[in-house]
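# Understanding the architecture of this molecule
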Amino acid sequence: MSSQSSTLYPPEGFGPPKERHGHAAGSLGLPRGTEVFSADNHISLAEDIFYDRFPERLKDQAPRVWYEDGAYELGMGGKSFLPGEFSHVLMQYDPLTGAGSDNLEGRLQELRSDGIVRELAFPNALLALFHYPDKEIRELCFRIYNQYIAELQARSAGSFYGVGLINWWDAEGARRTLEEMKGLGLKTFLLPLSPGQDDEGRPIDYSSTAMIPVWDAIEEAGLPVSHHIGETGLKAPCEVNAIAVGMVANVAPYREMFGRYVLGGIIDRHPGLRVGWFEGGVNWIPSALQDAEHLLASYRHMLDRPVEHEVRHYWDHHMYASFMVDPLGLRLLDLIGAERVMWSADYPHNESTFGYSEKSIALVVDAVGPEKAARIVSGNVMEYLGL
């Protein structure tokens, strides 16, 4: 076996250098005028916005934001909502200027030093509020975060786009938060893969008829739905290298939700939906399509609702996915479609390309040529966001 076929990951120069710095070095082999747009970055909430912006009657219920041991924490009474492993990962970032939300200008300058002109920024610790038990407080936090991130977006003059949060557990709340989010100018929102429980304590089923009014509101809003890795934890304790073991599971969480959209009737009922899958790479897509096609053919006679299209239709017309460094995915682009994938830096995470983004982009140019590469590193995410 040749050395090329024995490893899928580029062996040299790919991985987070310590003491990272931007490393843009001129031409990337892209068409003139291409402005690199990272489809998946992250921003840590660095200001105590919930306490500051909650009404007086609710301030004692506001989650607090503080900095501790190298990470921005979110919690109550000095106790973080974040699992210890998650906090430990956050603490491993190099002290990058723009990691926190309190230095937008420094952040944009730092990204430009690595050749990145625009970005879509997902939250970090806010995932801890997805299943906050008081749903009134949860929605209030989401609305305040949307207002805050929209203020950063407006200040950035088209360089920073923030990902919003919505109420997904009741239709009226979904419509209310979506309308407010659109009014703020946000272009997409993060929907959890695990929606939690309804008011009666029953698990929420995204593909159930009970959720149709929520999907109605999402479809009517016209904003794309974004899903992101980060919710999957280890199913059992791991004594050795738990962070690395957990991340191997964490980067591959999408099959169940993909099945709900395609085979569970969500898109058939709501054909206006657009869906993005972020930070899980793109190499999972051909196998998911292949398996869904085989299983649909095998079990079509047992379905209680017909699937209206062939599996490929749902991917080709409704879905996009992002990657950072995915040489296997790039080899499979003929099966995926170059127009459905979006490059990202994942700044400022450990697995970010920050410090070697030009090498990652060079892989894209080598794989598909300059014109298609321009779509992958810029045009596709702009299309996804409706810019």
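So, here is what we can say about the structure in this document. (Residues numbered from 1 in each chain as written. Predicted model: local features only at pLDDT ≥ 70, side-chain atom pairs only at ≥ 80, totals over all residues. Heavy atoms only, no water.)

### Side note on empty space enclosed by the protein
One pass over the full model with this rule turns up two cavities of 30 Å³ or more. Lining the largest cavity are ten residues, and of these Ser-44, Leu-45, Tyr-72, Glu-73 and Ala-125 sit closest to its centre. If you tally residues by element for the lining of the largest cavity, the top one is strand E3 (residues 71–76), at three residues. In terms of residue class, the lining of the largest cavity is made up of seven nonpolar, two polar and one charged. Its volume calculated, the second largest cavity comes out at about 30 Å³. (1 Å grid on protein atoms, 1.4 Å probe; cavity = no way out; pocket = protein on both sides within 12 Å on 5 of 7 lines; lining within 4 Å. Points joined across faces, edges and corners; volume = space filled by probe spheres on them. Helix = DSSP H or I, 4+ residues; strand = E, 2+ residues; numbered from the N terminus. Nonpolar A, V, L, I, M, F, W, Y, C, P; charged D, E, K, R; others polar.)

### A look at the sheet that holds strand E4 (residues 79–80)
Read across the open sheet, the three strands follow the order E2-E3-E4; overall the sheet is antiparallel. A single partner strand is all that each edge strand has here, and the edge strands are strand E2 (64–68) and E4. Pairing between E2 and E3: five bridges, direction antiparallel. Among the inter-strand pairings, Val-65 is bridged to a residue of E3, identified as Leu-74. (Pairing = 2+ DSSP bridges.)

### Comments concerning the side chain of Asn-41
Checked against the element boundaries, Asn-41 lands in strand E1 (residues 37–43). Ignoring sequence-local partners within four residues, the contact set of Asn-41 consists of Arg-107, Leu-111, Glu-119, Leu-120, Ala-121, Phe-122, Ala-345, Asp-346 and Tyr-347. (Contact = heavy atoms within 4.5 Å.)

### A look at the sheet that holds strand E9 (residues 225–228)
The strand order E7-E8-E9-E10-E11-E12 describes an open sheet built from six strands, whose pairing is parallel. Edge strands, defined here as strands with exactly one partner in the open sheet, are strand E7 (164–165) and strand E12 (341–343).

### Considerations on the environment of His-349
Mapped onto the secondary structure, His-349 falls in the loop between E12 and helix H15 (357–368). Classification of His-349 as buried rests on a relative accessible area of 10%. The sequence separation of His-349 and Leu-296 amounts to 53 residues, and the corresponding C-alpha distance is 38 Å. Side-chain polar atoms of His-349 contact the side chain of Asn-124, separated by 2.9 Å. (Buried < 20%, exposed > 50% of the residue type's maximum accessible area, 1.4 Å probe, protein only. Polar contact = N/O pair within 3.5 Å; in protein donor to acceptor, adjacent residues only side chain to side chain.)

Function cannot be read off these values alone, since they describe shape.
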